[in-house]
Amino acid sequence: MKINLNNYKAALVTFAAIALLALSLTFTVWRLLNVEEDLRREETHANLWQISQTQFEASILAESLARAAAGEIFADREQTPEFRLAILTSRMAILLDGLQSQVIEKVGALGSLKEAYLQLTYAEPLLKDRVDPQTARLLRVQVRDLAYQLREIANKVMLLNHGEMSDKRSMYLRYVFESFAFIVGIAMSTAFLLVRLFKGMQEASQARQLLRQEQQLSDLVINNISNQGIVMFDAELRCLLWNPGMEDLLNIKPDQAVGQHMSDIDPIFAQEGVIGSLVRATEGVSSIFEKETSSSDGQEQCLEINCLPVSMAERKLGIAFMRDVTEQWLARKQAERQNFDLEIKVLQRTAALRQAERRLIAAIKSASEGFAAFDWTGKLLFANEQIWAAAPVSLWCSEEMDLTSFLRCFAMCEGADIRLVNAVSPFEEIELDLMLKKDTWARLSLTKADGATIFVRLTDISGYKQVARALESALDRERETTNAYRSFVSMVSHQFRTPLAILDSSAQRILRRGAELTQDELVTRVQKIRNAGTRLTRLVESVLNAAKLDAGTIEVNPASYNLVELVVDICERQREVSVHADIRFDVPDTPVMVYCDGMLIEQVVVNLLSNAIKYSGSTPVVEVKIWMEGSRALCSIRDWGIGIPADELPKIFDRFYRARTASGIAGTGIGLNFAQRIMHLHGGEIHVESYEAAGSLFTFDLPIANAEQAQQAA
Amino acid sequence: MLRVTFLATVVALLGGLTSSYAVEPLPPAKGEILLTVMGEIDVTNAPGRAEFDRAMLETLERKSLTATFVMSGKTHRFEGVSLRAVLDRVGARGMTIHASAWNDYKVDIPWDDLKYDPLLAMAADGQMLTLRDKGPLWIVYPRDDYSALRNDLHDSRWVWQLNRLRIERP
């Protein structure tokens, strides 16, 4: 390409030089022609000659006319005015025609000269034969004037020519310089072309030498390559070159081959495919192929033939390289056979694998649990219907889900943890119990098989979960019962022991003293025994009540009661028992009718009232208050006793529970629990407000019996 | 050029041959004498000269040609007789033809010019030439046919108002 570009440039420079040469030559010749043309037109002296001739003729005519005016008879025709006029007219015509007229015009005399010519023409008829002397005289004057005029013109033309001559001289001088410049151009371009020519010849001779060397080298190479056959042929497929390699390959000597038609040399070239390739090579298309033949000794042989086009000295030739590739060919055939066997084996194995895979998939599909497989990057490989049907998957995931999004859609289920949200490749093994929807639990387990495939199983464990929950609640109940039993035993051992001790000690004293015992002392002792008995009875009663309540055997028989009456009645009876207690009332005057079981409510009020008195020290003050709010009637019982610590307030309604401030005061811990449960049976509630060492306020509420009263209260 | 030279040689030879036989006497001129030939001639009809009137000239080989008159630059159709025919008629043998005109113009025409076969024109563009129109005889060269004739030297041999030819030898 570069060489081509250089060639192109060189050609361009040469062309430019030739063009310059031609141009310079053309200009020089053109200038010389200009000069020649100008010289040819150089008619200055001719002009002047014509004018002087005409002037002379005018003078002659004037003389002739003068003679005619004098009456002279002309012997010679040439002397007559008529003859002289004809001569003058023809002279004038020359002056008024062509180039002459241009010169005359330049000196500004053309008009007057034409006029004179016209007048001469008019005079012609007057001078025929006889000439009137008068006319001759008049004419003579005119013709003489013409002669003067011509003399004037000659002067002017001469002066004009002087001017033009000097112009021309300078022009010629310029032409000389220009021509000189062009000649220099000619010389330079010629010198350049000569140098080029010389260089070109030198290069050509070098190229020829190089070519000869290359030819020798290629001959050397062609003739000494023994493992490769080389054959060259022309467009008619006539062999031009047959190297020793070909001789070795086909066992044909060069002198048998060169000059022969290719197909006549060896049958291999006569085959259709081969001959086609040879022809194509001469047409400029290269080809390479292999040909299997059998060698002269009958063994299989494979030849590689590479046909290439060659252009030599404008001729289109072809060259074919032939190589024995039998060994490679045999090896390749062997490899092809093995390859074929391998392919068959692979096909068989693949079919077996496919079948196993189909079986596995069928098994997975028919399984009751959800199953999905992902590759190690988290891409979904397979998922059965059960997976797709699982609630979060069917809601949140599409066909193209990956393991990360799959796990994330379970993150909202109960039992999920952060591992589901943060799961990215490589995934950890996970096992979680999740609540997919209400009452449906599933175990999600993620396991890895040989570190590549990740299996996800989703097992329905709802049944198992239900059984577990039932067991748990049963266990809780059992634990509660055990606790109650323990509390009961501890309470009984404590509460029952004191009255029993009193009974025992009183009985021992009576027994020891015997007759010594005074009446008063006996009364006191018996009274103590009775009190202890009463206390035991009460304990037993309350235990029984609690048992009844537990067994659900307490029946509520609601009826309409006046709450004020009920409460005041109870208080009066209590006052009798606890004489020292100061019970105050703040109750409405009108009856407050409530709907309840009177017997049970009485127990509640008795319990609250007795508590108030019991935990108020030696001088108990109790305030009982009844009022109505909306459809409910409320009753509160306030004391200013020991109070309940704030942290124990929530527990005081638990069975057998006793506040720590109550230690040293007899009690079972059943009463408040029992009262609260009675109120629950009535659809009411006992509220408590209490401050340690400041007293307590217990309030319970009951529904009002009739609507009318309720409205009034409202 | 070679051809022209050869032709001219043949013509000259023929002219020489015919002149030796042109011994036919020339009758005396009856009308106005248009041309007088003198010098080295064989045939005369007056003492030492041959005189031609219009009728005599018209009996000779007639010829016509188209040529451009250099003075006016105009092209005309000239008709007349061949100069060579006139010279043959009088058996002229020379090297130079000395031609002179009524306006006293004189010029020498080399014998060699006869190879161009110049014309003695008597009419131009169908009009008879008169004295005032460069007539009655006008030597006209076939200027447009030969480039060798297109120069001042040959142009000066276009003798108009011709009246006399004198044949000379060196």
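Everything discussed here concerns the structure shown above.
The shown structure was predicted, so the numbers you read here are calculated from the model rather than taken from an experiment.

A. Layout of the overall build of chain A. Looking only at helices and strands, one finds 22 helices and 17 strands in chain A. Within chain A, buried positions represent 35% of all 714 residues. Of all intrachain contacts in chain A linking residues separated by at least 6 positions in sequence, the fraction that spans at least 24 positions is 56%. When the accessible surface of chain A is split by element, carbon and sulfur atoms take 56% of a total near 42,800 Å².

B. Spatial organisation of the overall build of chain B. Each helix and strand counted, chain B has four helices and ten strands in total. When the helices and strands of chain B are read in sequence order from the N terminus, they spell out α-β-β-α-β-β-α-β-β-β-β-β-α-β. Counting across all 170 residues of chain B, residues that qualify as buried make up 51%. Once local pairs closer than 6 in sequence are excluded, the contacts in chain B between residues at least 24 apart make up 60%. For chain B, the accessible area works out to roughly 8,100 Å², and carbon and sulfur atoms hold 57% of it.

C. A look at the nonpolar core. By size, the foremost hydrophobic cluster in this structure holds 48 residues, and its most contacted members are B:Val37 and B:Phe52. Residue contributions to this core peak at five residues, all from strand β7 (residues 119-124) of chain B. When sequence neighbours within four positions are dropped, the list of residues in contact with B:Val37 reads B:Gly48, B:Arg49, B:Ala50, B:Phe52, B:Val86, B:Val90, B:Leu165 and B:Ile167. If you look at the next biggest cluster of nonpolar residues, it comprises 47 residues, including A:Ala546, A:Ala659, A:Ile678 and A:Phe700.

D. Structural view of the interface of chain B and chain A. In this assembly, 15 residues from chain B lie in contact with 23 residues from chain A. In this assembly, chain B packs against chain A so that about 1,600 Å² is buried in total across both faces, 51% of it on carbon and sulfur atoms. Among the residues of chain B in contact with chain A, B:Met71, B:Trp102 and B:Arg132 are the three that bury the most area, contributing 40% of the side total. One salt bridge connects B:Arg132 with A:Glu124, and the closest N-O pair in it is separated by 2.3 Å. Counting across the chain B and chain A interface gives four residue pairs in polar contact (both at pLDDT 80 or more).

E. The arrangement of the sheet that holds strand β7 (residues 380-383) of chain A in detail. Residues and elements named next belong to chain A. Read across the sheet, five strands follow the order β7-β6-β10-β9-β8 without closing on themselves; strand pairing throughout is antiparallel. Edge strands, defined here as strands with exactly one partner in the open sheet, are β7 and β8 (430-437). Ignoring strand direction, the axes of neighbouring strands in this sheet form an average angle of 20°. In this structure, strand β6 (residues 370-374) lies alongside β7, joined through three bridges in antiparallel fashion. Opposite Ala373, over in β7, you have Phe382 as the bridge partner.

F. Up close: the environment of A:Asn243. Residue and element names in this part refer to chain A. Structurally, Asn243 can be placed in the loop between β2 (239-242) and α7 (244-250). The exposure class of Asn243 is buried, given its relative accessible area of 0%. The spacing of Asn243 and Asn223 is 20 residues in sequence and 5.3 Å in space, taken between C-alpha atoms. Once you skip the residues sitting within four places of it in the chain, Asn243 turns out to touch Ile222, Ile225, Gln228, Gly229 and Ile230.

G. Structural detail: the packing of helix α18 (residues 519-551) of chain A against helix α21 (residues 671-681) of chain A. Residues and elements named next belong to chain A. For the pair α18 and α21, the least separation of the axes is 11 Å and the interaxial angle reads 40°. In terms of orientation, α18 and α21 fall into the oblique class. As for how α18 packs across α21, the hand of that crossing is left-handed. Contacts between α18 and α21 involve Asn545, Ala546, Leu549 and Asp550 on the former and, on the latter, Phe674, Arg677 and Leu681. Residues that form the contact of α18 with α21 fall into these classes: four nonpolar, one polar and two charged.

H. Structural view of unusual backbone geometry. If you check the backbone angles, A:Ala693 has positive phi at about 65° while not being a glycine. Structurally, A:Ala693 is set in the loop between β16 (686-691) and β17 (695-703). Given the relative accessible area of 67%, A:Ala693 is considered exposed. Of note in this structure, B:Gln161 is not a glycine but carries a positive phi near 55°. With respect to the element layout, B:Gln161 can be found in the loop between α4 (152-155) and β10 (162-168).

I. Inspection of a nonpolar patch on the surface at higher detail. On the surface, A:Leu23, A:Phe27 and A:Trp30 cluster together into a nonpolar patch covering about 300 Å² of accessible area. Considering the arrangement of structural elements, one finds A:Leu23 in helix α1 (residues 2-40).

J. Region of interest: the packing of helix α4 (residues 98-106) of chain A against helix α6 (residues 133-224) of chain A. All names here are of chain A. Across the interface, α4 lies against α6 with an axial gap of 9 Å and an inter-helix angle of 90°. When the axis of α4 is compared with that of α6, the two are roughly perpendicular. Of α6, the residues touching α4 (which contributes Val103, Ile104 and Lys106) are Ile153, Val157, Leu160 and Glu164.

K. Region of the structure containing the pattern of salt bridges. Residue and element names in this part refer to chain B. Applying the stated criterion across every chain yields a total of 37 salt bridges over all chains. Where Asp42 meets Arg93, a salt bridge forms, and the shortest distance between an N and an O atom there is 2.3 Å. Placement of the pair is Asp42 in the loop between β1 (33-39) and β2 (49-53) and Arg93 in the loop between α3 (83-89) and β5 (96-101), with a sequence separation of 51 residues. On the basis of relative accessibility, which here comes to 41%, the residue Asp42 falls in the partly exposed class. Using a relative accessible area of 36% as the deciding quantity, one classes Arg93 as partly exposed.

L. The arrangement of the side chain of B:Asn103 in detail. Residue and element names in this part refer to chain B. Residue position: Asn103 is located in the loop between β5 and β6 (106-110). Judged by relative accessible area, Asn103 falls into the buried class, the value being 2%. A distance of 3.1 Å separates the side chain of Asn103 from the backbone nitrogen of Tyr105, its partner in a polar contact. A distance of 3.1 Å separates polar atoms of two side chains, one belonging to Asn103 and the other to Gln161.

M. Quick look at the packing of aromatic side chains. Within this structure, the stated rule accounts for 16 aromatic pairs over all chains. Judged by centre distance (5.0 Å) and plane angle (65°), the ring pair of B:Tyr116 and B:Tyr146 falls under edge-to-face. Of this pair, B:Tyr116 sits in the loop between β6 and β7 while B:Tyr146 sits in the loop between β9 (138-140) and α4, and the two are 30 residues apart along the sequence. With relative accessibility at 25%, the residue B:Tyr146 sits in the partly exposed group. Grouped by ring-pair contacts, the aromatic residues B:Phe69, B:Phe78, B:Trp138, B:Trp158 and B:Trp160 constitute a single cluster. Over the face of the ring belonging to B:Trp102 we find A:Arg77, whose NZ or CZ atom lies 5.5 Å from the ring centre.

N. Geometry of helix α5 (residues 110-123) of chain A. Residues and elements named next belong to chain A. Here α5 spans 20 Å end to end across 14 residues, near enough to the 20 Å set by a 1.5 Å rise per residue. Within α5, the full set of buried residues consists of Leu110, Leu113, Ala116, Leu120 and Ala123. Taken around the axis of α5, the buried residues stretch over an arc of 140°, which confines them to a single face. Where the residues of α5 are buried, they touch α3 (81-95), α4 and α6.

O. A look at the state of the cysteines. On inspection of all chains with the given rule, the structure shows zero disulfides over all chains. A:Cys413 forms no disulfide, and the closest cysteine sulfur to it belongs to A:Cys409, at a distance of 7.7 Å.

P. Region of interest: the sheet that holds strand β12 (residues 582-586) of chain A. Residues and elements named next belong to chain A. With mixed pairing, five strands are arranged side by side in an open sheet as β12-β14-β15-β17-β16. Unpaired on one side and paired on the other, β12 and β16 mark the two borders of the sheet. For this sheet the average axis-to-axis angle between neighbouring strands, irrespective of direction, equals 15°. Judged from the five bridges that link them, β12 and strand β14 (residues 621-629) form a sheet pairing that is parallel. In the sheet register, Asp586 faces β14, and the bridge partner there is Lys625. Strands β12, β14, β15 (632-639) and β17 of the sheet are contacted by helix α19 (residues 563-577), whose axis makes an angle of about 170° with β12. Across the sheet, α21 is in contact with β16 and β17; its angle to β17 comes to roughly 25°.

Scoring rules and cut-offs
Residues numbered from 1 in each chain as written. Chains lettered and ligands numbered in written order. Predicted model: local features only at pLDDT ≥ 70, side-chain atom pairs only at ≥ 80, totals over all residues. Heavy atoms only, no water. Helix = DSSP H or I, 4+ residues; strand = E, 2+ residues; numbered from the N terminus. Buried < 20%, exposed > 50% of the residue type's maximum accessible area, 1.4 Å probe, protein only. Contact = heavy atoms within 4.5 Å. Areas by Shrake-Rupley, 256 points an atom, 1.4 Å probe, with all protein chains shown as cover. Core = buried A, V, L, I, M, F, W, Y, C linked by side-chain atoms within 4.5 Å. Buried area = accessible area lost by both parts, 1.4 Å probe. Salt bridge = Lys/Arg side-chain N within 4 Å of Asp/Glu carboxyl O. Polar contact = N/O pair within 3.5 Å; in protein donor to acceptor, adjacent residues only side chain to side chain. Pairing = 2+ DSSP bridges. Axes fitted to C-alpha atoms, helices over the stretch in contact; angles between N-to-C directions. Parallel < 35°, antiparallel > 145°, perpendicular 65-115°, else oblique. Left-handed = near helix turned anticlockwise from the far one by under 90°. Nonpolar A, V, L, I, M, F, W, Y, C, P; charged D, E, K, R; others polar. Patch = residues over 30% accessible without salt bridge, like charges linked within 9 Å, V, L, I, M, F, W, Y side chains within 5 Å. Phe/Tyr/Trp six-rings, centres within 6.5 Å; stacked < 30°, edge-to-face > 60°. Lys NZ or Arg CZ within 6 Å of the ring centre and 35° of its normal. Expected span 1.5 Å × (residues − 1). Arc of directions from axis to C-beta. Disulfide = S-S within 2.5 Å.

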